[in-house]
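# Summary of structural features
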Protein chains: 2
Amino acid sequence: MRLKQAFDGEEGGETKRRLLAAAINVFAEQGYNAATLREITSAAGVNIAAVNYHFGSKQALMRAVFHRLARPVNELRLKLLDEYEEQAGGRPLSLEQILDALFRPIVFLSRERKTGGFALVRLIIQVRALPQPFMNSVLSEQFDPVASRIVDALCRSLPHLTREEVFWRYDFALGAMLHVISDADRGLRRLHRLSGGLCDTDDPARITDELIRFVVAGMRGPGQDQTSRKAGEERDAANTRAVT
Amino acid sequence: MRLKQAFDGEEGGETKRRLLAAAINVFAEQGYNAATLREITSAAGVNIAAVNYHFGSKQALMRAVFHRLARPVNELRLKLLDEYEEQAGGRPLSLEQILDALFRPIVFLSRERKTGGFALVRLIIQVRALPQPFMNSVLSEQFDPVASRIVDALCRSLPHLTREEVFWRYDFALGAMLHVISDADRGLRRLHRLSGGLCDTDDPARITDELIRFVVAGMRGPGQDQTSRKAGEERDAANTRAVT
DNA sequence: GTCTATAACACGATAGAC
DNA sequence: GTCTATCGTGTTATAGAC
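Since the structure is predicted, the reported quantities are computational estimates derived from the model, not experimental observations.

Attention now goes to the overall build of chain A. Along the backbone of chain A there are 12 helices and 0 strands. Listing each helix as α and each strand as β along chain A from the N terminus yields α-α-α-α-α-α-α-α-α-α-α-α. Every one of the 244 residues in chain A was classed for burial, and the buried ones make up 55%. Long-range contacts, defined as pairs at least 24 residues apart, comprise 70% of the intrachain contacts of chain A with a sequence gap of at least 6. Surface accessibility of chain A: about 10300 Å² in total, with carbon and sulfur atoms responsible for 52%.

Right, here's the structure in full:
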């Protein structure tokens with residue numbers, strides 16, 4: 001029953017566990033293509049043949065890595081949504097709650113190198129940069145349920161937007177989050193450098209704070225059907241507030 | 001004088017030109033690591049040894065590709081900023097103008113496969129997903145000047161934000177743009193699929209429109225020092241407007 | 001400038017002993 | 001379950017003829 005266990009990894013003994021842990025780091029660090037099974041097995045301290053025995057192939061190992069990393073984050077997101085919805089008792093959630101459930105689990109995890117949250121973000125970006133057909137199923141399976149829940153919640157809390165507009169803005173929000181999180185990586189840190197050190201991309205609370213403030217305002221902005229007259233009024237009002 | 005020409009490519013004859021054009025496509029399609037010089041030279045219809053003769057190495061070829069793709073986009077961005085600032089005659093630019101200069105060149109170019117704009121976005125995301133030290137210099141050289149101009153303009157137009165907050169929001173805006181643009185790639189298209197076809201990620205005018213509306217609202221949102229009382233008022237006002 | 005031929009090495013996967 | 005040894009194939013880079 002090897003295939004049944006292929007996505008887990010807690011099961012299957014020490015060798016399999018060490019292999020998965022090493023694969024997380026090497027895939028995240030080198031990318032799927034550049035990562036070699038020799039480097040992974042060497043880092044895990046196991047024989048090179050163990051990958052094929054325990055996982056079947058390099059692709060299957062990659063899928064197991066992704067599954068392992070994404071599952072706890074998305075489970076936590078859904079759990080937070082459940083809690084907030086129970087508190088709300090039928091009323092729409094606040095935007096802050098929805099975005100907190102979406103962002104906080106992955107932002108905080110991403111700053112803890114030990115637990116592999118750092119690796120998850122790198123792998124998500126890698127899959128977006130070089131879409132690989134064999135990853136599509138894992139990606140959908142892991143992220144689609146959360147996306148649906150979030151978008152539905154956003155629609156309830158943003159009645160001035162069409163469902164299409166909510167989808168666009170959900171995607172913008174996700175992009176902003178992934179971008180800023182991935183920027184803290186060793187070898188990149190463009191925001192930290194560009195800002196002359198002003199922006200500390202290692203502080204997850206600060207990132208979440210700035211991110212939610214920006215996205216909440218962006219979500220609340222007028223939709224396409226709001227007239228330009230109204231948008232103009234809001235703009236003037238905002239400028240007046242800012243200056244005074 | 002090979003090195004002097006290494007970043008250009010218009011110069012240097014037909015073989016070099018064809019090589020660079022093929023390299024743009026193959027690097028974008030396969031990623032730097034997975035792309036092989038055999039595939040590039042084969043697509044260009046030139047001999048495999050030509051890469052080393054004309055560019056010196058695979059890394060140098062990649063740098064030349066990036067240089068060639070990024071330069072026209074950033075030159076156009078700076079040209080737009082110049083025009084808008086001349087029109088404004090010393091007054092701060094509108095947010096719409098600043099973001100138009102930042103987004104429009106790359107969003108529109110990215111939907112034209114022929115001219116390689118599609119390739120530029122993929123390569124930017126690839127470099128972010130797998131930072132490679134030999135790319136840092138090209139990246140800074142190409143993008144830092146634009147980033148500085150944009151952030152300075154934003155600071156003038158957003159007096160209610162600190163410079164640090166402007167940097168954060170600039171990064172969020174960039175991430176939202178790159179994410180949504182990269183999503184239209186063959187093999188990904190998650191937004192299109194998740195939204196049940198509602199969001200057409202192939203329409204650059206629509207993308208720019210939605211993007212600028214979202215980002216403008218996000219930028220105008222209250223900063224960290226704005227009291228929660230004030231933020232609460234704005235939120236209530238927004239909700240009231242939305243419901244009525 | 002462009003070619004062929006090849007050096008020197010790394011890869012994923014597997015067969016088969018233990 | 002874990003090992004060694006190896007197959008077949010791929011890579012970048014270069015040497016040297018034309």
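Next, the rest of the story.
So, on to the protein's contact with DNA strand C. In the vicinity of DNA strand C lie 13 residues, with A:Thr36, A:Leu37, B:Thr15, B:Asn47 and B:His54 positioned nearest. Sugar plus phosphate, as a fraction of atoms of DNA strand C within 4 Å of the protein: 64%. In this structure, A:Lys58 approaches DNA strand C through a main-chain N or O atom, which is 3.2 Å from a phosphate oxygen. The contact in question runs from a phosphate oxygen of DNA strand C to an N or O atom on the side chain of B:His54, over 2.9 Å. Looking at the surface near DNA strand C, the elements with two or more residues in it are helix H3 (37-44) of chain A together with helix H4 (50-54) of chain B. The residue makeup of the surface near DNA strand C, split by class, is 5 nonpolar, 6 polar and 2 charged.

What follows covers the environment of B:Thr15. All names here are of chain B. Looking at the secondary structure, you find Thr 15 in helix H2 (residues 13-30). A relative accessible area of 30% places Thr 15 in the partly exposed class. If near-sequence neighbours (up to four positions away) are discounted, Thr 15 is found in contact with Val 46, Ala 50 and His 54.

The interface of chain B with chain A comprises 74 residues on the first partner and 75 residues on the second. Carbon and sulfur atoms supply 64% of the area buried between chain B and chain A, which totals about 6600 Å² over both sides. In terms of surface lost to chain A, no three residues of chain B exceed B:Arg128, B:Trp168 and B:Phe214, which account for 13% of the buried area on that side. There are 8 salt bridges connecting chain B and chain A. A salt bridge links B:Arg128 to A:Asp183, with the nearest nitrogen and oxygen atoms 2.8 Å apart. Where the side of chain B that touches chain A is concerned, the elements lending two or more residues are H2, helix H7 (117-129), helix H8 (136-157), helix H9 (163-182), helix H10 (190-194), helix H11 (204-220) and helix H12 (228-243) of chain B. Sorting elements by how many residues they give to the side of chain B that touches chain A places H9(B) first, with 16 residues. A per-class count over the side of chain B that touches chain A returns 32 nonpolar, 18 polar and 24 charged.

So, about the environment of B:Val26. Mapping B:Val26 onto the fold places it in helix H2. B:Val26 has contacts with B:Gly31, B:Ala35, B:Glu39 and B:Ile40, leaving out every residue within four places of it along the chain.

As a further point, take the packing of aromatic side chains. If you walk through the whole model with that rule in mind, you get 11 aromatic pairs over all chains. Ring geometry for B:Phe66 and B:Phe143: centres 6.3 Å apart, planes at 75°, overall edge-to-face. Linking B:Phe66 in helix H5 (residues 58-88) with B:Phe143 in helix H8, this pair joins segments that are 77 residues apart in sequence. Taken together, A:Trp168, A:Phe172, A:Phe214, B:Trp168, B:Phe172 and B:Phe214 form an aromatic cluster joined through their ring pairs.

Glancing now at the nonpolar core. Judged by nonpolar contacts, the single largest core of 161 residues is most densely connected at A:Phe27, A:Phe66, A:Phe103, B:Phe27, B:Phe66 and B:Phe103. Those residues in contact with B:Phe66, other than ones at most four positions away along the chain, are B:Leu123, B:Ile124, B:Val127, B:Met135, B:Val138, B:Leu139 and B:Phe143.

The relation between the two copies of this chain is a rotation about an axis and a shift parallel to it. Each copy superposes on the other: chain B lies on chain A with an RMSD of 0.1 Å after a rotation of 180° and an axial shift of 0.0 Å. Here the transformation between the copies is reduced to the relation of a two-fold axis. Considering only C-alpha atoms, the residue of chain B closest to the rotation axis is B:Gly218, which sits at 1.9 Å. Both copies contact each other with a shared surface, as 100% of the interface residues of chain B are interface residues in chain A too.

Helix-helix packing: each pair is described by the crossing angle between the helix axes and the interaxial distance. Residues and elements named next belong to chain B. For the pair helix H6 (residues 95-110) and H8, the least separation of the axes is 10 Å and the interaxial angle reads 165°. Considering their axes alone, H6 and H8 lie roughly antiparallel with respect to each other. With respect to the hand of their crossing, H6 and H8 are arranged in left-handed fashion. Here H6 contributes Leu 95, Ile 98 and Leu 102 to the contact with H8, which in turn contributes Ile 150, Ala 153, Leu 154 and Ser 157.

Before going further, it helps to examine helix H6 (residues 95-110) of chain A. Residue and element names in this part refer to chain A. With 16 residues, H6 ought to run about 22 Å at 1.5 Å a step, and its terminal C-alpha atoms sit 22 Å apart, in line with that. At Phe 103, H6 shows its largest bend, some 35°, and a proline, Pro 105, comes one to four positions later. Turning to H6, its buried residues are Leu 95, Ile 98, Leu 99, Asp 100, Ala 101, Leu 102, Phe 103, Pro 105, Ile 106, Val 107 and Ser 110. On its buried side, H6 packs onto helix H5 (58-88), helix H7 (117-129), helix H8 (136-157), helix H9 (163-182) and helix H11 (204-220).

Moving on to the protein's contact with DNA strand D. Around DNA strand D, the structure places A:Thr15, A:Asn47, A:Ala49, A:Tyr53, A:His54, B:Ala35, B:Thr36, B:Leu37, B:Arg38, B:Ala49, B:Asn52 and B:Lys58. Sugar and phosphate atoms constitute 57% of the interface atoms of DNA strand D, taking the interface as everything within 4 Å of the protein. Within the backbone of B:Leu37, a nitrogen or oxygen atom sits 3.1 Å from a phosphate oxygen of DNA strand D. Among the elements of the structure, helix H4 (50-54) of chain A together with helix H3 (37-44) of chain B are those that each provide at least two residues to the surface near DNA strand D. Split into classes, the residues belonging to the surface near DNA strand D amount to 5 nonpolar, 5 polar and 2 charged.

Taking 1.5 Å per residue, 22 residues should reach 32 Å; H8(B) reaches 30 Å between its end C-alpha atoms and fits that length. Most pronounced at B:Phe143, the bend in H8(B) amounts to some 40°, and the proline B:Pro145 follows within four residues. Residues of H8(B) that are buried include every one of B:Val138, B:Leu139, B:Gln142, B:Phe143, B:Asp144, B:Val146, B:Ala147, B:Ile150, B:Val151, B:Ala153, B:Leu154 and B:Ser157, and no others. Contacts from the buried residues of H8(B) go to helix H10 (190-194) of chain A together with H5, H6, H7, H9 and H11 of chain B.

Rules and cut-offs
- Residues numbered from 1 in each chain as written.
- Chains lettered and ligands numbered in written order.
- Predicted model: local features only at pLDDT ≥ 70, side-chain atom pairs only at ≥ 80, totals over all residues.
- Heavy atoms only, no water.
- Helix = DSSP H or I, 4+ residues; strand = E, 2+ residues; numbered from the N terminus.
- Buried < 20%, exposed > 50% of the residue type's maximum accessible area, 1.4 Å probe, protein only.
- Contact = heavy atoms within 4.5 Å.
- Areas by Shrake-Rupley, 256 points an atom, 1.4 Å probe, with all protein chains shown as cover.
- Near = heavy atom within 4 Å.
- Polar contact = N/O pair within 3.5 Å; in protein donor to acceptor, adjacent residues only side chain to side chain.
- Nonpolar A, V, L, I, M, F, W, Y, C, P; charged D, E, K, R; others polar.
- Buried area = accessible area lost by both parts, 1.4 Å probe.
- Salt bridge = Lys/Arg side-chain N within 4 Å of Asp/Glu carboxyl O.
- Phe/Tyr/Trp six-rings, centres within 6.5 Å; stacked < 30°, edge-to-face > 60°.
- Core = buried A, V, L, I, M, F, W, Y, C linked by side-chain atoms within 4.5 Å.
- Least-squares fit on C-alpha atoms with pLDDT ≥ 70 in both.
- Axes fitted to C-alpha atoms, helices over the stretch in contact; angles between N-to-C directions.
- Parallel < 35°, antiparallel > 145°, perpendicular 65-115°, else oblique.
- Left-handed = near helix turned anticlockwise from the far one by under 90°.
- Expected span 1.5 Å × (residues − 1).
- Bend = angle between axes of the 7 residues up to and from the residue.

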